[in-house]
Amino acid sequence: GAEVVFSVDCTKLREYFLPGKREFDCIYFNFPHCGRKAGVVKNRELLACFFQSCTEVLAQEGEVHVALCNGQGGTPADQPRREWHNSWQIVAVAAAAGFILSQVHPFKAEAIPGYKCTGYRSQDKSFCVEGALNHVFTRSTPPLFSTPMSCTTQLGSQKVSFQVPPALVDKINRGFLDLNSNHPVRTIREKLSAGLSQAFPLQNISSCPPLLQQGHPPGAAHSNLFWITLSPEEAPSSEEVSQGLANADLLCQHTDKNVQEGCPIAKQFYLRPSLLPHARAEIQKGAFPPGTLVVLSGPVFRQCRITPHSMPVFHEMLVVLAVHRGTEDSCIQMLVNNIQTTLSSLHQAVSGIKPSINLQEATSFGTELNDFAAFEGQLGEIQHFLCVGTDAEPSGCCVGVIRTAPQELAGTELLLVLASLNLDLLAMLLCGISDWRMLWTSDRRFLRQFPEGELRLFQSFSLYPPSYAHDVSFWVADGEEFDEVAFHSLARGVSGDMVVSIQLRDRFQQPGTGRRSLCYRVTFQCCDRALGCREAAELQLRLRKEMQQHLAVTLR
């Protein structure tokens, strides 16, 4: 019952099939080759045209299988692996047509009845298929266009809108912690809460913390905050802001620096960087009875450099416990033991390996290495860092902090113990997710791996994504300090989080004039969708343009 069509041009598949027969579930191309002694460049061109042709005849969830001889593909799966320039660069070629490499496995000719490899140099001769690999490609999600996005929230007695910072366009109001969510971040929060409730009476504050905070948060650098500007017509008065603290959703109160300086321009606000200010407000209400754990959780937003574990947004879980003075050490140990037991149980259930979970003294941990320390002045003093060690991070990755603060009520002899946990980092460590950006993917294949909130080891659906390095050099304005955090945030926004690394390559000071020049290497790579070399080059050009407009630099 099968139909066989001969002499099909692999670069023009659409021409050989009627419209009703163009939805193929699988397209196989075993050992493509231009013939004779064609070099790697011609064979890359052949594959590029083939993949582009596949887009017109492949079903939405179809697969393209390409078998290549050992070493041709240029991926780490090839053993030995050729140098990139001497390979067919199959993942980069496929990415240009919108495909990602989802599986790689050995090509087994014996498993195909009647198969015979032939055509060596366009002759009726066989060729070596030992070590050959079958590459399975699937469609990528469509490119994300960085279009401006507005968000509306209640502030005071009126609704206001603001433009979402470009780096957060796809990360506002995602609902990972909602009741109907099966995202691993929510699952981990629920598991931790269940474990804690076995040792302490527990009160879960399910409402999203308003986090309208007046003044500049203590200990937070200005460049670490996502500043929001409202127009003078839309910005509420100070009285309205005070009345609306309980209703605000995503914003934190302004510093109003411009008004203090007599400048009649827009008032400024910033996205909440921490749940600690909300905890302070609850403390003043006396909402923490001794011995009862109160749990708050929600996304928080911080500008930061681009590193594997630094996130511009993550879900914070804040656990607050009021204890009598003198008992705080034993209560901290009891709280930490419970968290350790729950996390060890989860990690062992997912991977079969027991992780190392330990406390490090605050004095022995470099504050520059963790996201929490930048905001430590908001409430209390950091006592310990909670670190989780795994095979990937044997030395331990900081996932939280333990701090203490006095109960801010007159006549009380209580001390507050606060444990702040990064749920996103915990999800990465427990589920084996190597890139934090994968937690925010819109590709449905991610959440399909966690049915009904079950935690499992994550299997990436985009293997060996290609990377593209571009350098940018510029003169820094005289008397100005170059703001690296602002540069990294700009790169996040322009690329839609497709910049994976920014490294300083060179510094230069011009003799005589003293002008300073910096050179950075910007590496583009996407963990969940196709990124071709042409698109990466366009992103680099856009980044250069935005740098001139926003960073007060002169490009070289």
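Scroll up for the structure.
How each quantity is defined
- Residues numbered from 1 in each chain as written.
- Predicted model: local features only at pLDDT ≥ 70, side-chain atom pairs only at ≥ 80, totals over all residues.
- Heavy atoms only, no water.
- Salt bridge = Lys/Arg side-chain N within 4 Å of Asp/Glu carboxyl O.
- Helix = DSSP H or I, 4+ residues; strand = E, 2+ residues; numbered from the N terminus.
- Buried < 20%, exposed > 50% of the residue type's maximum accessible area, 1.4 Å probe, protein only.
- Pairing = 2+ DSSP bridges.
- Axes fitted to C-alpha atoms, helices over the stretch in contact; angles between N-to-C directions.
- Contact = heavy atoms within 4.5 Å.
- Expected span 1.5 Å × (residues − 1).

Asks: Just to check I follow, could you spell out the pattern of salt bridges for this structure?
Replies: Pairing is possible between side chains that carry opposite charge, provided their charged atoms lie close to one another. According to the stated counting rule, one finds 11 salt bridges in the structure shown. The shortest N-O distance in the salt bridge between Arg521 and Asp471 comes to 2.7 Å. Here Arg521 is found in strand β19 (residues 516–524), whereas its partner Asp471 is found in strand β17 (residues 468–476), with 50 residues between them in sequence. For Arg521, a relative accessible area of 29% gives the class partly exposed. Owing to a relative accessible area of 37%, Asp471 belongs among the partly exposed residues under this scheme. Of the charged contacts, one joins Glu535 and Arg529 as a salt bridge, the two residues approaching to 2.8 Å between their closest N and O atoms. Since its relative accessible area comes to 5%, Arg529 is described here as buried. A cluster of three or more residues bridged by salt bridges with shared partners is formed by Asp170, Lys171, Arg492 and Asp497.

Asks: Could you clarify how one ought to interpret the sheet that holds strand β18 (residues 499–509) in this entry?
Replies: Consider a sheet: its strands pair through backbone hydrogen bonds, and that pairing is either parallel or antiparallel. Here 4 strands make up an open sheet; going across it, the order is β18-β19-β17-β20 and the pairing antiparallel. Two strands bound the open sheet, and with one partner strand each, they are β18 and β20 (553–555). Looking at each pair of strands side by side, their axes are set apart by 30° on average, direction ignored. Sheet topology note: the β17/β20 ladder contains 3 bridges and is antiparallel. By the bridge assignment for β20, Val476 is matched with Val553. Docked against the sheet, helix α10 (residues 484–495) engages β17, β18 and β19, running at close to 135° with respect to β18. The sheet strands contacting helix α11 (residues 533–550) are β17, β19 and β20, and the helix crosses β17 at an angle near 15°.

Asks: Explanation requested: helix α6 (residues 276–284) in the structure shown.
Replies: Residues lying three or four places apart along an α-helix face the same way, a consequence of the helix completing one turn every 3.6 residues. Among the residues of α6, Leu276, Pro277, His278, Ala279, Glu282 and Ile283 are the ones counted as buried. In the core, the buried residues of α6 are packed alongside β11 (293–301), β12 (313–324), β15 (397–406) and β16 (414–422).

Asks: Help me understand the pairing of strand β14 (residues 381–389), please; the structure alone is not making it clear to me.
Replies: Within a regular strand, the side chains alternate between the two sheet faces. Counting buried residues along β14, 7 of its 9 residues qualify, which places the element largely inside the surrounding structure. With 7 bridges joining them, β14 and β15 adopt antiparallel strand pairing. Each residue of the ladder has a partner; that of Val388, found in β15, is Cys397.

Asks: What should I look at first to understand helix α3 (residues 184–197) in this one?
Replies: Its 14 residues place the ends of α3 20 Å apart at the C-alpha level, agreeing with the 20 Å of an ideal helix rising 1.5 Å per residue. Among the 14 residues in α3, 10 count as buried, and that is most of the element. Within α3, burial applies to Pro184, Val185, Arg186, Thr187, Ile188, Arg189, Leu192, Ser193, Gly195 and Leu196.

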